[in-house]
Amino acid sequence: MTGTRKLTRDKGFAKVWMVISLDLLISVVASMFAVFAVRFFSDPFGSLKHFVYIWTVFSALASLAAFLVCGTGRMVIRHSSYSSIGKLAMATALKEAIMVLLIFTRVFSYFNLNSLRIECEVVLVDALLTLVSLVLVRVLIIAGYRVANEDDVESNVGRLGVLVYGTSYKAVAMVTRLEYSSHYNVLGFVSMDKDEKSMVVQGRTVHYVGSEDELRALRTRLGVQCILFAEEGSAMSQKDGLIPMCIDCGIHILNSPRIGDITVDNVSGAAMKEVNTKDMDYIPDGMSDFERIVKRMVDCLLAGLLLLVFSPLFLLCWLALKIGDGGPAIYTQERIGRFGRPFKIYKFRSMRIDAEASGPALYSGDDDPRLTRVGKFLRQHHLDELPQLWNVFIGDMAFVGYRPERKFYIDKIMELDSRYYYLYQIRPGVTSYATLNNGYTDTMEKMLRRLEYDLYYLRHRSWFFDIKVLWMTFCSIVFGKKF
């Protein structure tokens, strides 16, 4: 197969600096209007011109930091979707959090600006105007693109941006088959073979990827969301190469036998590796993009609030553990979370420091000899789980999901039922539907039964389902149910 170098660059993609510049302009203008709105509806305050100038400067700096941290510039305009609202909301929240921090550290007092009350009012109005303006402009851009490109819009907006791995006959055949798909927008081929770099196959460019940085750059430039493997064995051959990079970059991986059953709405978080089971149906996430965004926002806000409310209880638990045996109060352990990524889960230590000196071991209940006296009390009242509020706040976990497991036990589960990989679509949770119905899992049989409950939750999860699980968890704790 011969290839020619691509002479023209990809069209229709906004550069990162262009997207950030547009968002920054919108944010700064919104901040200026916020000051004028508060001035109009409140009592007159002095030095308006000075206040507008200083507020706008700090707002611009805070906005730039927020956009860079939240990665809003990666939302390429041509591939924008309404799910962008989540990142814009996070960026707005971070911007206003920085402004609040500046207010309460009395930074503005050095400029002889106005009262604390007025500054707080400006922050609230600023947050509302910034978010509404950013979202409105995004929606108008998408709507304008739809009008201007009516014949081609579905290939760029609303479909999943995918690259097909390799240039084999099956890979080319897959691209041909997906050309008129209602779910995929094929952006080209991807390869780890330098000899195929910049080749053009069937009119589509072969993009070479040799490192994680190159893959991230490709994702940003093209809006890549997923990589498809045309042959069952090709994914397995890349388990130590491309697949780990995809997982780290948040790019989904799908295998040819599954793609017929998958739509753009249910692929949003799947980091699939090779699945070695017989004709198994793909299990999609029951939540839409919008539901997932709102769930994450609520989780973050609620976790932050509870961290403040329970801070005295945190201190009491910490003191009790320190007085009990003098060891560390917080226990960390590596668990596997969304996209198959490892993270550190935090708990109040309930067992002896040498509890797993001889290797991983499951908790066997209140009679477990490894429990300390204070730890047993914490376990019985589920207080050992309190530090996981921090895991929820930083995004490692959600309030409701599946209970995160250690890789040691995941490997054992996978030997018997590899559908566990489907759970990687979502964040693990502090509580779960499986925990309420299956109790604590101290045997492999219970782990497999728990997986069935977790997969049921994955397929059927919704806001109402989450509220139901939270309510049942609360009632179980209040009435002393052991799980």
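Above: the structure in question.
Let me sum up the structure you'll find in this document. (Residues numbered from 1 in each chain as written. Predicted model: local features only at pLDDT ≥ 70, side-chain atom pairs only at ≥ 80, totals over all residues. Heavy atoms only, no water.)

Here we take up the pattern of salt bridges. Enumeration over the complete set of coordinates arrives at nine salt bridges. A salt bridge links Lys 95 to Asp 126; the shortest N-O distance between them is 3.0 Å. Taken together, the residues Lys 95 in helix H3 (residues 84-104) and Asp 126 in helix H4 (residues 116-148) connect sequence positions 31 residues apart. Its salt-bridge partner being Glu 212, residue Arg 216 comes within 2.7 Å of it at the nearest N-O pair. Here Arg 216 pairs with Glu 212, and both are found in helix H6 (residues 212-222), just four residues apart, close to one helical turn. (Salt bridge = Lys/Arg side-chain N within 4 Å of Asp/Glu carboxyl O. Helix = DSSP H or I, 4+ residues; strand = E, 2+ residues; numbered from the N terminus.)

Within the structure shown, the criterion is met by 12 aromatic pairs. Judged by centre distance (5.1 Å) and plane angle (80°), the rings of Tyr 433 and Phe 465 are edge-to-face. Of this pair, Tyr 433 sits in helix H14 (residues 433-438) while Phe 465 is found in helix H16 (residues 463-478), placing the two residues 32 residues apart along the sequence. An identical accessibility class is assigned to Tyr 433 and Phe 465; each is buried. Within the aromatic cluster, the residues linked to one another by ring pairs are Tyr 433, Tyr 453, Tyr 456, Tyr 457 and Phe 465. (Phe/Tyr/Trp six-rings, centres within 6.5 Å; stacked < 30°, edge-to-face > 60°. Buried < 20%, exposed > 50% of the residue type's maximum accessible area, 1.4 Å probe, protein only.)

Within helix H5 (residues 169-178) the residues assigned to the buried category are Ala 171, Val 172, Met 174, Val 175 and Leu 178. Viewed along the axis of H5, the buried residues span an arc of 155°, placing them on a single side of the element. (Arc of directions from axis to C-beta.)

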